[in-house]
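Commentary on secondary and tertiary structure
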Amino acid sequence: MQNKNNPFYGKIYRGPKFFCDRKEETKLLTNYITNGVNITLFAKRRLGKTGLLHHLFYQQRNNTNMVCIYVDVLATHNLVEFTNYMATAVYNAFPPQKTLGKKIMELFQRFRPTISFDELTGNPSLNLTITTPDQKNNTIGNILNFLDNQNIKIVFAIDEFQQILEYPEKNTEAILRTHIQQLKNTSFIFCGSNQKMMHEIFNSAKRPFFASCTSVSLEHIPATEYKKFIKKHFNDVNRVITDECLNFICDWTQLHTFYTQYFCYTLFALNKENNGIEEAKTAAQTILKLNENTFYQYKNLLTDTQWNFLVAVGKETQVHQPTAKKFITTHQLGTPSSINRSLEALLTKEMLFHNTGVETPYYEVYDKYLMRWMQLNY
Ligand SMILES: Nc1ncnc2c1ncn2[C@@H]1O[C@H](COP(=O)(O)OP(=O)(O)OP(=O)(O)O)[C@@H](O)[C@H]1O
Ligand SMILES: [Mg+2]
């Protein structure tokens, strides 16, 4: 059960107090958006891309010269839905009482919109009438152009952007790129959880978005910053947390933001006044127990060969050369060609991550809790 009084509650961005570090990254991104630079934000899964976008835009909330609009397009299936999501975000960003809001409403009227309200949140969403091929290709461009001519700086953060690769309209990238290219006052931050697909869109020389954006890579939050942040939140409510406990957290979760946050969430929820190594171990056990079903589901979704290989990587924590003789014999893994096949499959399924941003690249199990569970049980 998620408890919103827990300072490590992570489902939504709750302001700077609950957000750890990212000072340099925020400074860099602020500089880019102020200067109208288009950006792609890359990082491994669950490291904090979406959180950082919210943090960045939160800093601009009172900036009257710049409007920041966040759109998550994960649930879209085609270009029309993409256009409607963008239109809805624009509609919600400009209150209709204000002059610009009125003008935007007039623009949307041209597309004979229907407005519906989300049953749970009550948030409005716009459905424009987009039927002809010409409307399909150009409505997003019309909206962007209109906004671009209003003498105000606009920044769109489009999250889960890789979703456009799933659209039936295979020319989506070309359409968007063409429209975006012409804008003067509008810039974009593209971000997505599937790094492979995001790289395909932005780093493949044959595709429309190639070399169109400045790429920013997000790394792990440094241990010193994370420890300070965790300690402060425990101390704020008069609870003690030892250095040993903090070291355990950083090591056990490998400072992978989602796993570190959730660990702290669990530890905090134990409600202990003194938090040392024993409490940390209890939190770890609680997490592994809670996730055991998921781990077995993973196992059932993989072939035995893939699972055994994943376990081997998990037990080693990091593997530089998965076809090295020593690694194969230690874990009885079969032939290099079967290892390569497993490797490929596990990378595609995002069960393994290949860290190439370091001097000696290595493979690691993506899910840090699964890794710890494998280390204990195999
Ligand atoms: N700097 C931070 N301080 C505290 N919590 C954070 C921070 N960054 C991210 N989080 C939390 O960590 C979790 C994962 O972050 P987030 O969803 O932003 O990652 P992501 O990189 O966008 O993941 P995905 O690749 O799945 O889209 C969330 O619960 C988020 O609230
Ligand atoms: Mg995200």
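The structure displayed is predicted, hence computed values, not measured ones.

1. Some remarks on the domain arrangement of the protein
- Segmenting the protein into domains produces domain 1 (1–18 + 222–301), domain 2 (22–217) and domain 3 (303–378).
- With centres defined by C-alpha atoms, the gap from domain 1 to domain 3 works out at 26 Å.
- Across the boundary between the two partners, domain 1 contributes 18 residues, which contact 15 residues of domain 3.
- With both sides pooled, the region where domain 1 packs onto domain 3 buries about 1,600 Å², and carbon together with sulfur makes up 67% of that total.
- Connecting domain 1 to domain 3 are 6 residue pairs in polar contact (both at pLDDT 80 or more).
- The leading source of residues in the side of domain 1 that touches domain 3 is helix H11 (residues 277–301), at 9 residues.
- In the side of domain 1 that touches domain 3, the residues fall into 11 nonpolar, 4 polar and 3 charged.

2. Details of the environment of Met374
- Position of Met374 among the secondary structure elements: in helix H15 (residues 368–377).
- For Met374, a relative accessible area of 0% puts it in the buried group.
- The sequence separation of Met374 and Ala312 amounts to 62 residues, and the corresponding C-alpha distance is 8.8 Å.
- Sequence-distant contacts of Met374, defined by excluding residues within four places in its chain, comprise Trp307, Leu310, Val311, Gly314 and Lys315.

3. Some points on the site of ligand 1
- Taken together, 18 residues are adjacent to ligand 1, and Gly10, Cys20, Lys49, Thr50 and Gly51 come closest.
- Within the backbone of Cys20, one N or O atom sits 2.8 Å away from a nitrogen atom of ligand 1.
- With respect to ligand 1, the side chain of Thr50 contributes an N or O atom lying 2.8 Å from an oxygen atom.
- In isolation ligand 1 offers 630 Å² of accessible surface; the protein chains occlude 85% of this area.
- If you map ligand 1 onto the pockets, it falls in the largest pocket.
- Taken together, the elements giving at least two residues each to the shell around ligand 1 come down to helix H2 (49–59) and helix H10 (257–269).
- Taken together, the residues of the shell around ligand 1 break down into 6 nonpolar, 7 polar and 5 charged.
- There are two domains that each give the shell around ligand 1 at least three residues, and those are domain 1 (1–18 + 222–301) and domain 2 (22–217).

4. Here we look at the side chain of Asn194
- Turning to its location among the elements, Asn194 is positioned in the loop between strand E6 (186–191) and helix H7 (195–203).
- Judged by relative accessible area, which is 16%, Asn194 ranks as buried.
- A polar contact of 3.0 Å, which involves the side chain of Asn194, links it to the backbone nitrogen of Met197.

5. Structural notes on helix H12 (residues 304–316)
- The end-to-end C-alpha distance of H12 is 18 Å, a good match for the 18 Å that 13 residues give at a rise of 1.5 Å each.
- Every buried residue belonging to H12 is among Gln306, Trp307, Phe309, Leu310, Val311, Ala312, Val313 and Gly314, and all of these are buried.
- Against the buried residues of H12 lie H11, helix H13 (325–331), helix H14 (336–348), strand E10 (352–355), strand E11 (362–365) and H15.
- Once H12 finishes, Thr317 follows within two positions and takes phi at roughly 70°, a positive value.

6. Observations concerning empty space enclosed by the protein
- Under the criterion given, the structure shown has 1 cavity of 30 Å³ or more.
- Reported here for the largest cavity is a volume of approximately 40 Å³.
- Going through the elements one at a time, helix H3 (79–93), helix H5 (133–148), helix H6 (172–181) and E6 are the ones with two or more residues in the lining of the largest cavity.
- Across the lining of the largest cavity, the residue classes tally to 10 nonpolar, no polar and no charged.

7. Description of the environment of Leu29
- As for its placement among the helices and strands, Leu29 is situated in helix H1 (residues 23–34).
- Counting along the chain gives 160 residues from Leu29 to Ile189, while the straight-line C-alpha distance between them is 9.3 Å.
- Contacts of Leu29, omitting those with residues within four sequence positions, involve Ile39, Leu52, Leu56 and Val216.

8. Quick word on the layout of surface pockets
- Put simply, the largest pocket is a space of about 1,400 Å³.
- Around the largest pocket, the lining is made up of 46 residues, and of these Gly10, Arg46, Thr50, Gly51 and Phe258 lie nearest the centre.
- Breaking the lining of the largest pocket down by element, the ones donating at least two residues are H2, strand E2 (66–72) and H10.
- Looking at side-chain class alone, the lining of the largest pocket contains 24 nonpolar, 10 polar and 12 charged residues.
- One number sums up the size of the second largest pocket: a volume of about 650 Å³.
- As for the second largest pocket, its lining consists of 26 residues, of which Gln195, His199, Phe353, His354 and Thr356 are closest to the centre.
- Breaking the lining of the second largest pocket down by element, the ones donating at least two residues are H7, H14 and E10.
- The dominant element in the lining of the second largest pocket, judged by the number of residues it contributes, is H7, at 5 residues.
- Its residues placed into classes, the lining of the second largest pocket shows 10 nonpolar, 10 polar and 6 charged.
- Looking at the lining of the second largest pocket, you find at least three residues from each of domain 2 (22–217) and domain 3 (303–378).

About the cut-offs
- Residues numbered from 1 in each chain as written.
- Chains lettered and ligands numbered in written order.
- Predicted model: local features only at pLDDT ≥ 70, side-chain atom pairs only at ≥ 80, totals over all residues.
- Heavy atoms only, no water.
- Domains from an automatic or database assignment.
- Contact = heavy atoms within 4.5 Å.
- Buried area = accessible area lost by both parts, 1.4 Å probe.
- Polar contact = N/O pair within 3.5 Å; in protein donor to acceptor, adjacent residues only side chain to side chain.
- Helix = DSSP H or I, 4+ residues; strand = E, 2+ residues; numbered from the N terminus.
- Nonpolar A, V, L, I, M, F, W, Y, C, P; charged D, E, K, R; others polar.
- Buried < 20%, exposed > 50% of the residue type's maximum accessible area, 1.4 Å probe, protein only.
- Near = heavy atom within 4 Å.
- Areas by Shrake-Rupley, 256 points an atom, 1.4 Å probe, with all protein chains shown as cover.
- 1 Å grid on protein atoms, 1.4 Å probe; cavity = no way out; pocket = protein on both sides within 12 Å on 5 of 7 lines; lining within 4 Å.
- Sits in = over half its atoms within 2 Å of the grid points.
- Expected span 1.5 Å × (residues − 1).
- Points joined across faces, edges and corners; volume = space filled by probe spheres on them.

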